[in-house]
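What follows is the residue order along each chain.
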Amino acid sequence: MLTELRRSFDAGVTRGYEWRITQLKKLLIICDNHEPEIVSALQDDLGKPELESSVYEVALLRNSIKLALKQLKDWMSPDKAKTSLTTFPASAEIVSEPLGVVLVISAWNYPFLLSLDPVVGAISAGNAVVLKPSELAPASSSLLAKLLEQYLDSSAVRVVEGAVSETTLLLEQKWDKIFYTGSSRIGRIIMMAAAKHLTPVVLELGGKSPVVIDSDTNLKITAKRIIVGKWGCNNGQACISPDYILTTKEYAPKLIDALKHELEAFYGKNPMESKDMSRIVNSNHFDRLSKMLEEKEVSEKIVYGGQKNKENLNIAPTILLDVPLDSLIMSEEIFGPLLPILTLNNLEESFDVIRSRPKPLAAYLFTQNQKLKERFATTVSAGGIVVNDIAVHLALHTLPFGGVGESGMGCYHGKFSFDAFSHKKAVLYKSFLGDSSIRYPPYSRGKIRLLKALVNSNFVELFKVLIGIA
Amino acid sequence: MTKLLEMNLHTLRFAEGFCRTRLSVASLATSPFRLSSSGYCGKTRISSRLKFACYATVSAVVEKNTSDFDGKEAALLVEELRVNFNSGGTRSYEWRISQLQNISRMIDEKERCISEALHQDLSKPELEAFLAEISNTKSSCVLAIKELKNWMAPETVKTSVTTFPSSAQIVSEPLGVVLVISAWNFPFLLSVEPIIGAIAAGNAVVLKPSEIAPATSSLLAKLFSEYLDKSTIRVIEGGVPETTALLDQKWDKIFFTGGARVGRIVMAAAAKHLTPVVLELGGKCPALVDSDVNLQVVARRIIAGKWACNNGQACIGVDYVITTKDFASKLIDALKTELKTFFGENPLESKDLSRIVNSFHFKRLESMLKENGVADKIVQGGQTSQDKLKISPTILVDVPEASSMMHEEIFGPLLPVITVQKIEDGVQVIRSKSKPLAAYLFTYSKELQKKFVQDVAAGGIGINDTVLHVTVKDLPFGGVGESGIGAYHGKFSYETFSHKKGVLYRSFAGDSDLRYPPYTPKKKMLLKALLSSDIFSAILAFFGFSGDS
């Protein structure tokens, strides 16, 4: 299959503006004509509420495609670069060229968005692409295979379904880029495999995204935004989900009350019955989360929720207060509906807490204090930062979306997607004119002095050399 | 914190000064111990100490191989630098500017020393040392000083109706503690230029210069310790064991210049810690020569991009030439003529050519020349001198495609000329090989230029000249495919050592209920409109028009 794709690429199938536009338009048609099927597949795989599927997967994807359609000509055109005296006369430009045949490995939690958003980037940059959707979202995986085969140019765009063995086989091949969304553990395996072929990678990983909450904030809106950013985003199973909260000892009770109040307003008295939350994806993850909850010294810290139903794969929105720092729930990315709150003596300490941990994909701050905002934005190292909201930065295509350190490398969205799948090739055009023998051997003291004077713009020295003063 | 190895004086004895040698398994076969070359291992300006770098395989020859820089030392080093980085020392504009200004001063004040070290390591002519290494590095430094404020400033970006009201910016932040591993052929430039980027971006940095250019390596160690902030900028000298110890640590970025084989090792080591890498590798950089050219200028520029560029030992040097069968003899004649003008009748005697760096590479190149089916293709040069480590500028025509010379990066003064029927076939030849770091084309024809730029995938392209594109600060310098990952120079150096962090500021005003549960079809519809930046619906939504749930 790879040979076939490489042949198509070498033959120039994917390079033209028209081909790229056609493929992108077809992707748009998929979004427009097949939304009910997509929503249904997401309901099967994740119990994802229709609004979430429709808005956070399909609508975001449509935005991405429409932006690419609108901007592609611009993105494809070379950038002029300035030249200097040392290369005069010359002109220079930076040409974007496709990398070749690329591999996109997607995740299970936003199976449409995280599969097709990178594919939009790969196609707009003129590559041939293989998509490997996650087998943990099988309905979405097979719908993607069906739709892409139906609509897109199969000589250059393919879907390979499967699990570990298929992925391993794919990873043994030589790709021109690998784009992976998933966990840090697998991210290492991907990069190791890529190293054999010197394949560059983008790794969109995860981490424990902290939320720092100042007492100087609008509490009601803070609570609402945290809730919708956590439980309203695939029920906490999102890479930029607010993982844990940091606030002062004083403020915590107020915050917890506000959260409880808004949780009930959103999901009713029986959140396990609410249709407005995704379920836990499968029993593996259910067990993983249960284990976190049942750990000694953790279960007693539950202040809200904690109910579980293994049959329905449901865990109620659960808030915990001051769990031990070395507990499981504070050591791994939670990726579920559990929200630990850690209290500090003063908010300043939150900076140290965050810094003592691996760099997360996102970090959040709720405050009206301008100085605190600035300090947070400049000193907290994370993939991205949002002040006074959760997660919405990924909808803004002018911001690069990606991690740093343990949370990943590389980024995408908007033009960054196009760039992620391109090689920025430097081109220098010189003419045959202006060829001075001064740079050529044989080297003499005179030439050396002259060249140095020229390069250093030392005109006095230049003058001296030219009129022959030693 | 330079490496110092205890020498067991019963086994080996040295005269005054210092000598350094690199033992390869190959040269072990011929002599158990060998000084790199006669003549250059004499007096030095560097303080006398004994150094010895060796591979683990050589332990049988040497009594003791006690490197005090092992994994533990490396871990301590990284930890120390991390603590210093975390204390914020490297983040301020003032610190960065002061270090950059110190580098600039260092280059000005020690130009002579640098030039001499390069001459010692490579017999690099003074003009080459100046043009290619010293002045290039200086101008990078000057540019960074001039532009740093700009580079450091957060970039405000447009927001959309979707997140209204909001403001957003991209903030550049340092990655942390980074490792720069340099190469031996432009040992000053390839060490200091990445360092400039690392410092400008506010990182703490460790430099590992190449042990194959020992005079420059130890000069760098000395100068850095004299001019730069020791608490956050260090040089670790050494060979494979030291590099391995360094690679085992967790860095926030690794910047490597060297060969593809070691590039893979570096990337695999980085993968363990999810460390992003820049790999500046090499490849066979072709020069395609059309008949519609100014022949004299072509010949001179090819020579400049081959033999006047560290004698062919450059990652972007012209590796091989492709031209049409008809034009080949004219081209070769022109090359011969200009070669004579440049290097005289006896190029082995010319002072204007770097030597081959060491006997390992000399033997490698010699065996390329002696290969079956290759030796008889020599049309110019071919003379070699083992004790001077020199090979004369050598041109060959149509060596077999299967020969080593056409498979591996030559990295020496041998220039194969491959002939094709028509010039377009040359593009195919290039495309059939791995993507090189640079590709060159000589032609007046705008059409051919356009086709070349479009069809030839390479790190960078030079039309009607060789090598010079790396001096343009506005152009990113880096490879693609086998020739590398990532890029630097100018602003790209700053960016490669930074994390571009997206920051979105939202206010509490204009908080609509649309996105909050319980979900209703109406909410869904309005949210979709908002997301698709449908202004009309968005305005309705903003004013809280969400209808009844």
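An unreviewed UniProt entry lists chain B under the name Aldehyde dehydrogenase, from Thlaspi arvense. Within the UniProt record for chain B, the comment given under Catalytic activity (unreviewed entry) is "an aldehyde + NAD(+) + H2O = a carboxylate + NADH + 2 H(+)". Under Sequence similarities (unreviewed entry), UniProt gives the following word-for-word description of chain B: "Belongs to the aldehyde dehydrogenase family."

For chain A, the name recorded in an unreviewed UniProt entry is Aldehyde dehydrogenase, with Thlaspi arvense as its organism. Entered under Catalytic activity (unreviewed entry) in the UniProt record, the comment concerning chain A runs "an aldehyde + NAD(+) + H2O = a carboxylate + NADH + 2 H(+)". UniProt lists a comment for chain A under the heading Sequence similarities (unreviewed entry), and it reads "Belongs to the aldehyde dehydrogenase family."

Turning to the overall build of chain A, a few remarks are in order. Assigned secondary structure in chain A consists of 17 helices and 18 strands. Along the three orthogonal principal directions, the C-alpha set of chain A runs to about 90 × 55 × 35 Å. Within chain A, the fraction of its 470 residues that count as buried is 61%. Restricting the contact set of chain A to residue pairs at least 6 apart, pairs at least 24 apart contribute 70%. Accessible surface, chain A as shown: approximately 17,600 Å² in total, 55% of it carbon and sulfur.

Another aspect to go through is the sheet that holds strand β5 (residues 233-235) of chain B. Two pairing modes exist for strands in a sheet, parallel and antiparallel, and in both the strands are linked by backbone hydrogen bonds. Residue and element names in this part refer to chain B. Ordered in space as β5-β4-β3-β6-β7-β17, the six strands form an open sheet in which the pairing is mixed. Two strands close off the open sheet at either side, each with one partner strand: β5 and β17 (484-485). Inspection of the sheet shows strand β3 (residues 177-181) paired to strand β6 (residues 253-257) by four bridges, in the parallel sense. From the neighbouring strand, Val-178 faces β6, where its bridge partner is Lys-253. Against the sheet, helix α7 (residues 214-227) contacts β4 (204-208) and β5, and its axis sits at roughly 155° relative to β5.

Turning to the packing of aromatic side chains, a few remarks are in order. Summed over all chains, the structure comprises 16 aromatic pairs over all chains. Measuring from centroid to centroid gives 5.3 Å for A:Phe266 and B:Tyr516, while their planes differ by 20°, and the two rings are stacked. One end of the pair, A:Phe266, is in helix α10 (residues 252-267); the other, B:Tyr516, is in the loop between β18 (498-506) and α17 (521-531), on a second chain. You'll find A:Phe266 and B:Tyr516 in the same group, each marked buried. For the ring pair B:Phe477 and B:Tyr488, a centre distance of 6.1 Å and an interplane angle of 45° mean the geometry is tilted. Of this pair, B:Phe477 sits in the loop between β16 (460-463) and β17 while B:Tyr488 sits in the loop between β17 and α16 (491-496); the two residues are eleven residues apart in sequence, bridging distant segments of the chain. These aromatic residues form a ring-pair network of at least three members: A:Phe179, A:Phe401, A:Tyr412 and A:Phe421. Note that A:Lys73 overlies the ring of A:Tyr17, its terminal NZ or CZ placed 4.0 Å from the centroid.

Residues and elements named next belong to chain A. Under the UniProt annotation, "active site" (unreviewed entry) lies at Glu-204 and Cys-239. Taken along the chain, the residues just named run across 36 residues; in space they keep tight, none of their C-alpha pairs more than 8.7 Å apart. Within the secondary structure, Glu-204 is located in strand β7 (residues 201-204). Judged by relative accessible area, which is 2%, Glu-204 ranks as buried. If we skip the residues at most four places from it in the chain, Glu-204 touches Phe-179, Tyr-180, Thr-181, Gly-182, Phe-401, Gly-402, Ser-407, Gly-410, Cys-411 and Tyr-412. Within the element layout of this structure, Cys-239 appears in the loop between α9 (219-230) and β9 (242-248). For Cys-239, a relative accessible area of 16% translates into the label buried. Not counting the four nearest positions on each side in its chain, Cys-239 is found in contact with Asn-109, Leu-205, Gly-206, Ser-209, Glu-333, Phe-335 and Leu-361.

Residues and elements named next belong to chain B. The omega torsion across Phe-164 and Pro-165 is -5°, close enough to zero to call that bond cis. The omega torsion of the bond from Pro-517 to Pro-518 falls at -5°, within 30 degrees of zero and hence cis. Structurally, Pro-518 is set in the loop between β18 and α17. In this structure, Val-467 takes a positive phi of about 70° despite not being glycine. Relative to the assigned elements, Val-467 resides in the loop between β16 and β17.

We now examine the packing of helix α2 (residues 17-33) of chain A against helix α3 (residues 35-46) of chain A. Residue and element names in this part refer to chain A. Where α2 meets α3, the axes come as close as 5 Å, and the angle between the chain directions of the two elements is 70°. The angle between α2 and α3 falls in the class roughly perpendicular. Touching Ile-30, Cys-31, Asp-32 and Asn-33 of α2 are Glu-35, Pro-36, Glu-37 and Ile-38, all from α3.

Turning to the nonpolar core, a few remarks are in order. A:Leu27 and A:Leu259 are the most contacted members of the largest nonpolar core, which has 159 residues in total. The biggest single contributor to this core is helix α4 (residues 50-76) of chain A, with 13 residues. Apart from residues no more than four positions distant in its own chain, A:Leu27 is found in contact with A:Ile65, A:Leu116, A:Val120, A:Ile123, A:Leu148 and A:Leu152. Among the nonpolar cores identified, the runner-up in size contains 93 residues, and B:Ile103, B:Ile107, B:Val289 and B:Leu437 belong to it.

Before going further, it helps to examine the UniProt feature "active site" (unreviewed entry) in chain B. Residues and elements named next belong to chain B. As annotated by UniProt and renumbered to match this structure, "active site" (unreviewed entry) occupies Glu-280 and Cys-315. Tracing the backbone through its elements, the reader meets Glu-280 in strand β7 (residues 277-280). By relative accessible area, Glu-280 is classed as buried at 2%. Discounting chain neighbours no more than four positions away, the residues touching Glu-280 are Phe-255, Phe-256, Thr-257, Gly-258, Phe-477, Gly-478, Ser-483, Gly-486, Ala-487 and Tyr-488.

Parameters and conventions
- Residues numbered from 1 in each chain as written.
- Chains lettered and ligands numbered in written order.
- Predicted model: local features only at pLDDT ≥ 70, side-chain atom pairs only at ≥ 80, totals over all residues.
- Heavy atoms only, no water.
- UniProt positions renumbered as here; feature names shortened; annotations may be inferred.
- Helix = DSSP H or I, 4+ residues; strand = E, 2+ residues; numbered from the N terminus.
- Buried < 20%, exposed > 50% of the residue type's maximum accessible area, 1.4 Å probe, protein only.
- Contact = heavy atoms within 4.5 Å.
- Areas by Shrake-Rupley, 256 points an atom, 1.4 Å probe, with all protein chains shown as cover.
- Pairing = 2+ DSSP bridges.
- Axes fitted to C-alpha atoms, helices over the stretch in contact; angles between N-to-C directions.
- Phe/Tyr/Trp six-rings, centres within 6.5 Å; stacked < 30°, edge-to-face > 60°.
- Lys NZ or Arg CZ within 6 Å of the ring centre and 35° of its normal.
- Parallel < 35°, antiparallel > 145°, perpendicular 65-115°, else oblique.
- Core = buried A, V, L, I, M, F, W, Y, C linked by side-chain atoms within 4.5 Å.

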